[in-house]
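Results of the structural survey
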Amino acid sequence: MTTAASHPPTAPLSSAWSALPPEYAIPDHAPSEAEARDYCRRLARSHYENFSVASWFLPERLRQHFFNVYAYCRISDDLGDEVGDTAASLQLLDQWETELNACYDGHRTRPRHPVFVALAETVRKFEIPKHEFADLLTAFRQDQSITRYETFDDLLGYCRYSANPVGHLVLYLCGYRDSECQLLSDYTCTALQLANFWQDVSADFAKGRIYLPLEDLPRFGVSEEMIRDGENTSAFREMMRFEVERAREWFTQGLPLVAEVDRTLATDIGLFSRGGQEILNAIERQDYAVLGRRPAMSKARKLALVARAALGKLLAKPREKPREKQR
């Protein structure tokens, strides 16, 4: 069971796009493929520090395709989270999905946005199913209408659309299509999503959202008012301890994926998994008092993670090239 939010009046599309960086808007005319690739590369390198770090470990032949996929995910997320108007976000997400459909339609219609002009080559080369991209839009639409999750299973249902497709996209780019790898990836991606939720309880509440399962609040003697007022009571901290341990269990279930993939992908999986677990460690270090004080890794810890990943890549024995498995 979930809790829905009411929708404010719809804003004009032009006004909705104006709330976002001007380069996000869909142009009147499609750019060249070279211009589109450059757009995605610049967006990926300028918007996300961790992605830039991870891209160091990618082979050159995959780097542009990761830029293309990241650009899609980045703008999709911003359409759902940065517009500031629920109805307008839904309209923009619909327009964005129209571009996605054009990307897959081949010669019948052509996309105009540079992300989809670049992404079309990635989709063809790696035969990525459209639903992996569309599922993310389902999550961002859900964010416009669902603000609470009654049970942990309800929250996992959201993560199925908000987090797990990203892992599948990475696997497709690296040549893994089998359900076993996708399941292990789902554990890791869901764990990363949970870690981000537990890190951002106050920030999410300010947006009107609570991702903590509502069933856990009365169980630990916590109320929404405590979250609103930033009260890091012993009851709240005990609940967060429980949620952190639950996220750690999901990270543990995803660890076997590292042994199933080649060295390059294993390096990135290890880097992001350890990064997520470091978020949980940061929460623990401040005694689970996350309200009003966002837990974060220090620069020294981030550098240590990168150094460990780089050393692991240098010392690891090469694994055989991934075999194509049946879906």
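See the structure above.
One structure accompanies this document, and this report is about it. (Residues numbered from 1 in each chain as written. Predicted model: local features only at pLDDT ≥ 70, side-chain atom pairs only at ≥ 80, totals over all residues. Heavy atoms only, no water.)

Describing the overall build of the chain
- The helix and strand inventory of the chain stands at 16 helices and 2 strands.
- Residue pairs in contact within the chain that sit at least 24 positions apart in sequence constitute 75% of those at least 6 positions apart.
- Surface summary for the chain: the accessible area is close to 15,600 Å², and the carbon and sulfur share equals 51%. (Helix = DSSP H or I, 4+ residues; strand = E, 2+ residues; numbered from the N terminus. Contact = heavy atoms within 4.5 Å. Areas by Shrake-Rupley, 256 points an atom, 1.4 Å probe, with all protein chains shown as cover.)

Structural notes on the packing of aromatic side chains
- Per the stated rule, a full pass over the model turns up 14 aromatic pairs.
- Where W96 meets F116, the ring centres are 4.6 Å apart and the plane angle is 65°; that geometry is what we call edge-to-face. Highlighted residues: W96 in helix α5 (residues 86–104) and F116 in helix α6 (residues 114–126), separated in sequence by 20 residues.
- A relative accessible area of 0% places W96 in the buried class.
- We classify F116 as buried; its relative accessible area is 0%.
- Three or more aromatic residues joined by ring pairs make a cluster, and in this case those are Y72, W96, Y104, F116 and F133.
- Across the ring face of F242, the terminal group of R219 is positioned such that the distance to the ring centre comes to 4.6 Å. (Phe/Tyr/Trp six-rings, centres within 6.5 Å; stacked < 30°, edge-to-face > 60°. Buried < 20%, exposed > 50% of the residue type's maximum accessible area, 1.4 Å probe, protein only. Lys NZ or Arg CZ within 6 Å of the ring centre and 35° of its normal.)

Examining the nonpolar core
- Core analysis: the biggest nonpolar cluster contains 92 residues, and Y72, V115, W198, L212 and F236 have the highest contact counts within it.
- The leading source of residues in this core is helix α4 (residues 60–81), at 10 residues.
- Other than its neighbours up to four places away in sequence, F236 contacts L212, V222, I227, E231, Y288, V290 and L291. (Core = buried A, V, L, I, M, F, W, Y, C linked by side-chain atoms within 4.5 Å.)

Considering unusual backbone geometry
- Within the chain, E127 stands out as a residue other than glycine whose phi angle is a positive 50°.
- The residue E127 is located in the loop between α6 and α7 (130–145) in this model.
- Unusually for a residue other than glycine, Y288 sits at a positive phi of about 65°.
- The residue Y288 is located in the loop between α15 (263–285) and α16 (299–315) in this model.
- Among the residues examined, Y288 registers a relative accessible area of 3% and is labelled buried.

Here's the deal with the side chain of S76
- Structurally, the position occupied by S76 is in helix α4.
- Residue S76 is classed as buried on the basis of its relative accessible area of 0%.

Side note on the packing of helix α10 (residues 179–199) against α15
- In the contact formed by α10 and α15, the axes pass within 9 Å of each other and the chain directions differ by 30°. Here α15 runs roughly parallel to α10, going by the angle between their axes. In this structure, α10 crosses over α15, and the sense of that crossing is left-handed. Listed contacts from α15 to T188, L192, A195, N196, W198 and Q199 of α10 are F272, S273, G276, I279, L280 and I283.
- Split by residue class, the contact of α10 with α15 holds 7 nonpolar, 5 polar and no charged. (Axes fitted to C-alpha atoms, helices over the stretch in contact; angles between N-to-C directions. Parallel < 35°, antiparallel > 145°, perpendicular 65-115°, else oblique. Left-handed = near helix turned anticlockwise from the far one by under 90°. Nonpolar A, V, L, I, M, F, W, Y, C, P; charged D, E, K, R; others polar.)

Overview of the side chain of R148
- Topologically, R148 is positioned in strand β2 (residues 146–149).
- Assessed through its relative accessible area of 13%, R148 is described here as buried.
- A polar contact of 2.7 Å, which involves the side chain of R148, links it to the backbone oxygen of G208.
- Reaching out from R148, the side chain makes a polar contact with the side chain of E224 at a distance of 3.1 Å. (Polar contact = N/O pair within 3.5 Å; in protein donor to acceptor, adjacent residues only side chain to side chain.)

Focus on the pattern of salt bridges
- Considering all chains together, one arrives at 21 salt bridges under this definition.
- A salt bridge links D200 to R294, with the shortest nitrogen-to-oxygen separation between them at 2.5 Å. Residue D200 is located in the loop between α10 and α11 (201–206), and its partner R294 is located in the loop between α15 and α16; the two are separated by 94 residues in the primary sequence.
- A residue is classified by how much of its surface remains accessible, and R294, at 51% relative accessible area, is exposed.
- The closest approach of N and O atoms between D229 and R228, which form a salt bridge, is 3.0 Å.
- Looking at D229, the relative accessible area reads 43%, which means it is partly exposed.
- In the salt-bridge network here, residues are joined through shared partners; they are E33, R37 and E121. (Salt bridge = Lys/Arg side-chain N within 4 Å of Asp/Glu carboxyl O.)

By themselves, these observations are geometric and do not establish any function.
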